[in-house]
Amino acid sequence: LLDTTNAGTSYTLGTQALNTGELAMPGRSAIAVVQTQPGWLLEANGVLHPRGSEYATQYVVDGIPVLENRSPAFAPGEDLDQVQSIRVFTSGIPAEFGRKLGGIVETLSNRNPLHGFHGTALLGGGSFDTETAFLGGNYFDGRNIFGLSASGAHTSRYLDPPVEQNYTNDATTSSLRESFERDLTGQDRLRLVVNHSRVGFLVPNEQVQQATGQRQDRNSLESAGQLSYQHMFSSSLVASLQARVRDLSADLQSNAQSIPIEAFQDRGFRDGYVSGTLAAQIGRHELKFGADAIYSSIHEKFSYHVTQVSGEDFDASTPPNFSFFATGLDREQAFYGQDQIRFHNASLSAGLRFDHYSLRANEVAWSPRIAAAWYLPKAGIVVRGSYDRIFDTPAIENLLLSTSAQVRTLNRTVVQLPVRPARGNYYETGIAKQIGHNASWSTNYFWRDIHNFGDDDTLLNTGISFPIVVDSASIYGIDTQFSLVQHGPWSAWVNYSYLVAKSQLPVIGGLFLGVNAAALLNSHRTIWASQDQRHTAHGELRYQPLPKFWASLRVSYGSGLPSELNGEDISTLVAEFGQAEVDRVNLNTNRIRPSSTLDIAGGIELWKRELRAAQLQADVHNVANRLNVINFASLFSGTAIAPPRTYSLRLKLTF
């Protein structure tokens, strides 16, 4: 019920939570699980925001970090069908983690140690012509583990569309994964993983774009190979080496009917990563030392042709055609040391990290981390506190474009400044309490002060975003969670987050076009960050009267994100998006009106014999079919509509 030794805030989701969680749309299974945790907010197109941070989510897959944007619009998503557990944390971050520190999502792949051949098959379907399939298996002969899995999906609702009609939103995904693990000796283990993923989808149109016949196709490809080696010197001293090579690419194609611009893009990078760690336990100390390095080659190709000239879209000096191509090298190195000390009912975690970053900017940073926890067993209470110094590197997507001198020809009022890493301080204090024998409650108060606060902007209405930096940000709030593990056939959990996220102008990094550029550079006013949603809540009530049957009721609530209308004509917005969507915006407060969803789900075990079983799960999302707007006319995120009532069904076979 209580983690009495962890000095930071973390939440772990095990096999049952992952296997019976929400049946999400393709590419969003991991995102759907994480966004229900305290402090996490989901914005348009599956972009996660941990505690108000923009594009600062780090995925750690079997010990290797993945730092780029993993939302559906940017890269193929991770399937939970191959994941054994997920751990997320937002404070008390160990020194071994760096570069993206808004929040960490750590996943552990499923490894089946049973002798012989065992596997899982999944078939699913639902609303919007959604079809999903997964087949995976492992063979273990006592020393070697061979694994192979494949998955595929198709849906007619992949991204969050800007209008209810859900125009041009088809997508197809596929992935293939092979793994091999061998105990070389009683002290040495070797593991190799190779995977390939692809997603191809259409960019959803709004009303005016649909009327002209616009079509924009996007594709993302990822191929990766990962090697891990572990050696046990003794029961208290372990060393490991890891290496990975990846190719990740994304492209955009537009037809001649696209308005106001016909855009094309082909970008990607080859990523090389290597790390080494040494972990030891000496008395009360759990020590860990390590170093890692990233070596990446990046390419970006972008061009456009203006198809509709409008003063609202372009400055008069904007050229009708533009073409850009550039390559770059990313060089990053880091080393760290950390120690976790346990003394009776007290725990102390301390670490120090050094980072060097070199990609269009060359900077170094030292990052101390410290966290403490004190357990009061008679009261059933854990008190925690932590401080994290962070050094967040800029988003890699379109960074070369935003920092190239060539884009200065786009507009006579263009302003271009270097995009530098963010530096900041994270503070937190919290308390957790055991309630009886089967419930717990926790509350954490946090605040974050960040200089060079990272965000993103859109280039000339193309839907292609690039990184920017504002002077600073101040973020504070409260996360709280109540969990009822089991009370007879009932279990439940409720999460609530309160967040205030303010950004301080001026803009000090990125590319800006148009008459507003000078104002952004010279203004010192405070604005609400695009992810400033004050109240967010999620909850689930689960009923399992029999071992073979369960049912659940899930609820979600959001008080609404800021809207950036910037004096736009309401009649124009109605023509683009529809009256019903405009009515979901409070024009007096410039905020989207509150959203809420009610979901129901249930599962039954159809058949079981030894290790073979068949299970069926059904979900109904947004039972009330409520129109929920995620973003509206936002400069950074555009307009996006949350899913209406949707139905999902999944059959799972284990053998």
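Structural data are supplied above this passage.
Residues take numbers from 1 onward in each chain, read along the sequence in its written order. Restriction of local features to residues with pLDDT of at least 70 applies here, the model being predicted, together with a cutoff of 80 or more for giving and counting side-chain atom pairs; totals for whole chains, interfaces and linings are based on all residues. Note that water and hydrogens are dropped before the side-chain values are worked out from all heavy atoms of the structure.

Asker: Can you walk me through the overall build of the chain in this structure?
Answerer: Runs of H or I in DSSP of at least four residues are treated as helices and runs of E of at least two as strands, each being numbered from the N terminus. Scanning the chain from N- to C-terminus turns up seven helices and 35 strands. Taking 26 Å as the expected radius of gyration for a compact globule of 655 residues, we find that the chain reaches 25 Å, a close match to that expectation. Taken along the three principal axes of its C-alpha coordinates, the chain extends 70 × 55 × 50 Å. Each residue's exposure class comes from its accessible area (1.4 Å probe, protein chains only) as a fraction of the maximum for that residue type: buried when under 20%, exposed when over 50%, partly exposed otherwise. The buried share of the chain, taken over its 655 residues, is 53%. Contacts: residue pairs with any heavy atoms within 4.5 Å of one another. If you take every contact in the chain between residues at least 6 apart in sequence, the share linking residues at least 24 apart comes to 67%. Of the accessible surface of the chain, which amounts to about 27,500 Å², a share of 58% is contributed by carbon and sulfur atoms. The quantity called the radius of gyration is restricted to C-alpha atoms. Its globule counterpart is 2.2 Å times the number of residues to the power 0.38. Per-residue and other accessible areas were derived by the Shrake-Rupley procedure at a 1.4 Å probe size, with only the shown protein chains allowed to occlude residues.

Asker: Can you walk me through the side chain of Gln37 in this structure?
Answerer: Counting through the fold element by element, Gln37 comes out in the loop between α2 (29-34) and β2 (40-43). The contacts of Gln37, once residues within four sequence positions are left out, are Tyr11, Leu13, Val88, Gln481 and Asn495.

Asker: In this structure, what is going on with the pattern of salt bridges? I would like to understand it.
Answerer: Side chains that carry opposite charge are capable of pairing whenever their charged atoms lie near each other. Salt bridge, as used here, is a side-chain nitrogen of Lys or Arg placed within 4 Å of a carboxyl oxygen of Asp or Glu. Under the defined criterion, the tally for this structure stands at 29 salt bridges. Measuring nitrogen to oxygen at the nearest pair gives 3.8 Å for the salt bridge that ties Arg157 to Asp160. Each member of the pair Arg157 and Asp160 is classed as buried. Across the pair Arg189 and Glu181 runs a salt bridge, and its minimum N-O distance is 3.4 Å. Judged by relative accessible area, Glu181 falls into the buried class, the value being 7%. What emerges from the salt-bridge pattern is a single network uniting Asp62, Arg177, Glu181, Asp183, Arg189 and Arg191.

Asker: Would you explain unusual backbone geometry in this entry?
Answerer: For residues besides glycine, phi is generally negative; the peptide bonds are generally trans as well. Here the amide bond leading from Ile259 into Pro260 is cis, since omega sits at -5°, within 30 degrees of zero. Looking at the element boundaries, Pro260 is found in the loop between β14 (237-254) and β15 (261-282). The phi angle at Phe128 is positive, at roughly 60°, despite the residue not being glycine. Checked against the element boundaries, Phe128 lands in the loop between β8 (116-126) and β9 (130-140).

Asker: Could you clarify how one ought to interpret the packing of aromatic side chains in this entry?
Answerer: What counts as a ring pair is set by centres within 6.5 Å for rings of Phe, Tyr and Trp (its six-membered ring), and what kind of pair is set by the plane angle: stacked under 30 degrees, edge-to-face over 60, tilted for all other angles. Scanning all chains against the criterion turns up 15 aromatic pairs. Pairing Phe302 with Phe322 gives two aromatic rings, centres 6.3 Å apart and planes at 50°, and the pair type is tilted. Of this pair, Phe302 sits in strand β16 (residues 285-306) while Phe322 sits in strand β17 (residues 321-343), and the two are 20 residues apart along the sequence. Pair check on accessibility: Phe302 and Phe322 agree, each one buried. Among the aromatic side chains, those forming a connected cluster through ring pairs are Tyr387, Tyr427, Tyr445 and Trp447.

Asker: Would you mind showing me how to read the pairing of β14 here?
Answerer: The side chains of a regular strand alternate, first on one face of the sheet and then on the other. Here 18 bridges tie strand β13 (residues 216-234) to β14, and the two strands are oriented antiparallel to one another. Across the sheet, residue Asp217 finds its bridge partner in β14, namely Gln253. Between the end of β13 and the start of β14, which pair antiparallel, lie two residues. When DSSP locates at least two bridges between a pair of strands, those strands are taken to pair. Pairing between β14 and β15: 16 bridges, direction antiparallel. Looking at the pairing, Asp247 lines up with Arg270 of β15. Adjacent in sequence and paired antiparallel, β14 and β15 are bridged by six residues.

Asker: Looking at this structure, how should I read the side chain of Ser530?
Answerer: Inspection of the secondary structure assignment puts Ser530 in the loop between β26 (526-528) and β27 (535-546). A polar contact is formed between the side chain of Ser530 and the side chain of Gln531, at a distance of 2.8 Å. Counting of polar contacts relies on pairs of N or O atoms within 3.5 Å, with two restrictions inside protein: one atom must be capable of donating a hydrogen and the other of accepting it, and residues adjacent in sequence are counted only when both atoms are side-chain atoms.

Asker: How do you make sense of the sheet that holds strand β5 (residues 64-66) when you look at a structure like this?
Answerer: For sheets, the rule is that strands pair by backbone hydrogen bonds, running either parallel or antiparallel. Reading across the sheet, the five strands line up as β1-β6-β7-β4-β5 and stay open at both edges, with mixed pairing between neighbours. Edge strands, defined here as strands with exactly one partner in the open sheet, are β1 (10-13) and β5. Direction aside, the axes of adjacent strands within the sheet are offset by 20° on average. Relative to strand β7 (residues 103-109), strand β4 (residues 57-61) is paired through five bridges, and the arrangement is parallel. Across the sheet, the residue bridging to Thr57 is Gly103, located in β7. Note on method: axes are straight lines fitted to C-alpha atoms, helices fitted across the in-contact stretch only, with angles between N-to-C directions ranging 0 to 180 degrees.

Asker: What exactly am I supposed to notice about the pairing of β7 here?
Answerer: Burial of β7 is extensive: five of the seven residues sit out of reach of the surface. Inspection of the sheet shows strand β6 (residues 83-89) paired to β7 by six bridges, in the antiparallel sense. In the strand pairing of β7, Ser85 is matched with Leu108.

Asker: Can you help me understand the nonpolar core in this one?
Answerer: The nonpolar side chains of a soluble globular protein tend to be buried, and buried together. The criterion is simple. A nonpolar core is a set of buried Ala, Val, Leu, Ile, Met, Phe, Trp, Tyr and Cys residues joined through side-chain atoms within 4.5 Å. Counting 26 residues, the largest nonpolar core has Phe302, Phe324 and Leu359 as the members making the most contacts within it. Listing elements by their share of this core, those giving two or more residues are β14, β15, β16, β17 and α4 (399-402). The leading source of residues in this core is β16, at four residues. If we ignore the near neighbours within four places in the chain, the residues touching Phe324 are Glu300, Lys301, Phe302, Leu400, Leu401, Ser404 and Gln406. Among the nonpolar cores identified, the runner-up in size contains 20 residues, and Phe89, Ile93, Phe453 and Leu505 belong to it.

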